[in-house]
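# Fold and contact review
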Amino acid sequence: MIMRRRTRDQLDSLALEIRSCRRCPLSKDRTKAVPGEGPEWAEILLVGEAPGRDENLAGRPFVGRAGSVLDRCLEEAGIDRSRIFITNAVKCRPPNNRRPKNDEVEACRPYLEAQIELVQPKVVILMGNAATKAVLDLEGVTSLRGRLFKEIYLVTFHPAAVLRNGNLREVFISDLLAAKDKVDGRWPPARDEDYSD
Ligand code: URA
């Protein structure tokens, strides 16, 4: 219990540091930085790309349109959003929602690494190319999705891609279910041969 409180305190001070961060130019135009949110004991940690317009205003991750898709898919997979930790590769909004640049991802990387280290989740879901590149230095989510790397990182599509292309929805939900299986110690998930490496 005391350890958990310490982890919570460390996550909270990290969030404070992120809110006043000036490590890259994205800090100049932000309204609010978006450190991420979730319990310190989360078994699943989700990584998106970067805050969008709504997140920049709210200071919270995935509260806009991509967030609604994410919420609905989480619900369908039987995952309670309040029990997972949600964050992004980059904590401030890039102008016009462009993809974060390499040096911006680099500047922000220590924050993401610290969050993963503190939470110690059983699975980290990398949603989309930016998160996958930031953490694994790999590109090409279409061919990487559904694969588990270093026994903890599961690659899948970004919810915005699901929003653009409804055909990806089933696969995205299937990957969320696979993450649940991983939490329960089942990998590859028994129900789908697609997940063996
Ligand atoms: N897209 C992301 O990648 N992250 C958010 O927080 C919102 C939209």
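Residues numbered from 1 in each chain as written. Predicted model: local features only at pLDDT ≥ 70, side-chain atom pairs only at ≥ 80, totals over all residues. Heavy atoms only, no water.

- Per an unreviewed UniProt entry, the protein chain carries the name Type-4 uracil-DNA glycosylase and comes from Methanothrix harundinacea.
- As its UniProt record puts it under Catalytic activity (unreviewed entry), the protein chain is described as follows: "Hydrolyzes single-stranded DNA or mismatched double-stranded DNA and polynucleotides, releasing free uracil."
- Under the UniProt heading Sequence similarities (unreviewed entry), the entry covering the protein chain gives this text: "Belongs to the uracil-DNA glycosylase (UDG) superfamily. Type 4 (UDGa) family." (UniProt positions renumbered as here; feature names shortened; annotations may be inferred.)

### Topic: helix α9 (residues 169–183)
- With 15 residues, α9 should cover 21 Å at 1.5 Å per step; its first-to-last C-alpha distance of 21 Å lies within 8% of that length.
- Among all positions in α9, only F172, I173, S174, D175, L176, A178, A179, D181, K182 and V183 are buried.
- The secondary structure elements touched by the buried residues of α9 are β1 (44–48), α4 (65–76), β3 (123–127), β4 (148–149), β5 (153–156) and α8 (159–164). (Helix = DSSP H or I, 4+ residues; strand = E, 2+ residues; numbered from the N terminus. Expected span 1.5 Å × (residues − 1). Buried < 20%, exposed > 50% of the residue type's maximum accessible area, 1.4 Å probe, protein only. Contact = heavy atoms within 4.5 Å.)

### Here we look at the side chain of E55
- Counting through the fold element by element, E55 comes out in helix α3 (residues 53–58).
- No salt bridge is formed by the buried E55. Its closest oppositely charged neighbour is R93, at 7.0 Å.
- A polar atom in the side chain of E55 sits 3.0 Å from the backbone nitrogen of V63.
- Residue contacts for E55: discarding those within four places in its chain leaves V34, R60, P61, F62, V63 and G64. (Lys, Arg positive; Asp, Glu negative; His and termini not counted. Salt bridge = Lys/Arg side-chain N within 4 Å of Asp/Glu carboxyl O. Polar contact = N/O pair within 3.5 Å; in protein donor to acceptor, adjacent residues only side chain to side chain.)

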